[in-house]
Amino acid sequence: MEPRISLVTLGVADVDRAIEFYHDGLGFPVDRWDEAAFFELGGAWLSVFPREALAEDAGVDTGKRGFDGITLAHNVGSRDEVDAVLDELVAAGGVLTRPARETDWGGYSGYVADPDGHLWEVAWNPHADLTGV
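This report concerns the structure included in the present document. (Residues numbered from 1 in each chain as written. Predicted model: local features only at pLDDT ≥ 70, side-chain atom pairs only at ≥ 80, totals over all residues. Heavy atoms only, no water.)

1. What about the packing of aromatic side chains?
Thinking step 1. If you walk through the whole model with that rule in mind, you get six aromatic pairs.
Thinking step 2. An aromatic cluster is built from Phe21, Tyr22, Phe28, Phe39 and Trp120, whose rings are joined through pairwise contacts. (Phe/Tyr/Trp six-rings, centres within 6.5 Å; stacked < 30°, edge-to-face > 60°.)

Take a look at the structure:
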């Protein structure tokens, strides 16, 4: 297996609402196919698919709601950019779950949940340039 991720799929309650958040709110380019939507992210793709249909496709139960044990990250080039992107996510309909703060690893980050509760960390890392990843 090659060391790369091609696509991250989020199970969502309402695909149209997810499109409003990611495309209309954040400006991600969107390609809608049947009951799914795909957003090109410069080398990888993010998709949204009905949560129950995704669970069925994967052969698992939808299970309990709450923390799913995964976060998505968007790295930026400065502390000011962290604050600006967090504000943009909230303006698009996200919920701030942790305001930006200094981290124990020397960076600066905060978290926002999208309308389906998927957590996005927005971070500045002074030790590694992850902005082009």
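There's more to say after this.
2. Focus on the nonpolar core
Thinking step 1. Judged by nonpolar contacts, the single largest core of 23 residues is most densely connected at Leu10, Tyr22, Phe39, Val48, Val82, Leu89 and Val122.
Thinking step 2. Contributions of two or more residues to this core are made by β1 (7–12), α1 (15–25), β3 (36–40), β4 (45–50), β5 (71–76), α3 (79–91), β7 (108–113) and β8 (119–124).
Thinking step 3. Residues in contact with Val48, not counting those within four places in the same chain, are Leu10, Val12, Val15, Ala18, Tyr22, Glu35, Ala36, Ala37 and Phe39. (Core = buried A, V, L, I, M, F, W, Y, C linked by side-chain atoms within 4.5 Å. Buried < 20%, exposed > 50% of the residue type's maximum accessible area, 1.4 Å probe, protein only. Helix = DSSP H or I, 4+ residues; strand = E, 2+ residues; numbered from the N terminus. Contact = heavy atoms within 4.5 Å.)

3. Details of the pattern of salt bridges
Thinking step 1. According to the stated counting rule, one finds three salt bridges in the structure shown.
Thinking step 2. The salt bridge partner of Arg32 is Asp16, with a shortest N-O separation of 2.7 Å. Of this pair, Arg32 sits in strand β2 (residues 30–33) while Asp16 sits in helix α1; the two residues are 16 residues apart in sequence, bridging distant segments of the chain.
Thinking step 3. Judged by its relative accessible area of 39%, Arg32 is partly exposed. (Salt bridge = Lys/Arg side-chain N within 4 Å of Asp/Glu carboxyl O.)

4. Quick look at α1
Thinking step 1. Residues of α1 that are buried: Val15, Ala18, Ile19, Phe21 and Tyr22. The buried residues of α1 occupy one face: seen down the axis, they fall within an arc of 165°.
Thinking step 2. Of the residues that open α1, the one with a side-chain oxygen 3.0 Å from the backbone nitrogen of Asp16 is Asp14.
Thinking step 3. In the segment just after α1, Gly27 is the residue with positive phi, at about 80°. (Arc of directions from axis to C-beta. Polar contact = N/O pair within 3.5 Å; in protein donor to acceptor, adjacent residues only side chain to side chain.)

5. Remarks on the pairing of β3
Thinking step 1. Counting buried positions along β3 gives four out of five residues, so the element sits mostly inside the fold.
Thinking step 2. With four bridges connecting them, β2 and β3 associate as antiparallel partners. Each bridged residue has a counterpart across the sheet, and for Trp33 the counterpart in β3 is Ala36.
Thinking step 3. Where β2 folds back on β3, the antiparallel hairpin that results is connected by two residues, among which Asp34 adopts a positive phi of roughly 50°.
Thinking step 4. Sheet analysis places β3 next to β4, joined by four bridges and oriented antiparallel. Bridging from a neighbouring strand, Phe38 pairs with Ser47 of β4. (Pairing = 2+ DSSP bridges.)

Any functional reading would require information beyond the geometric quantities listed.
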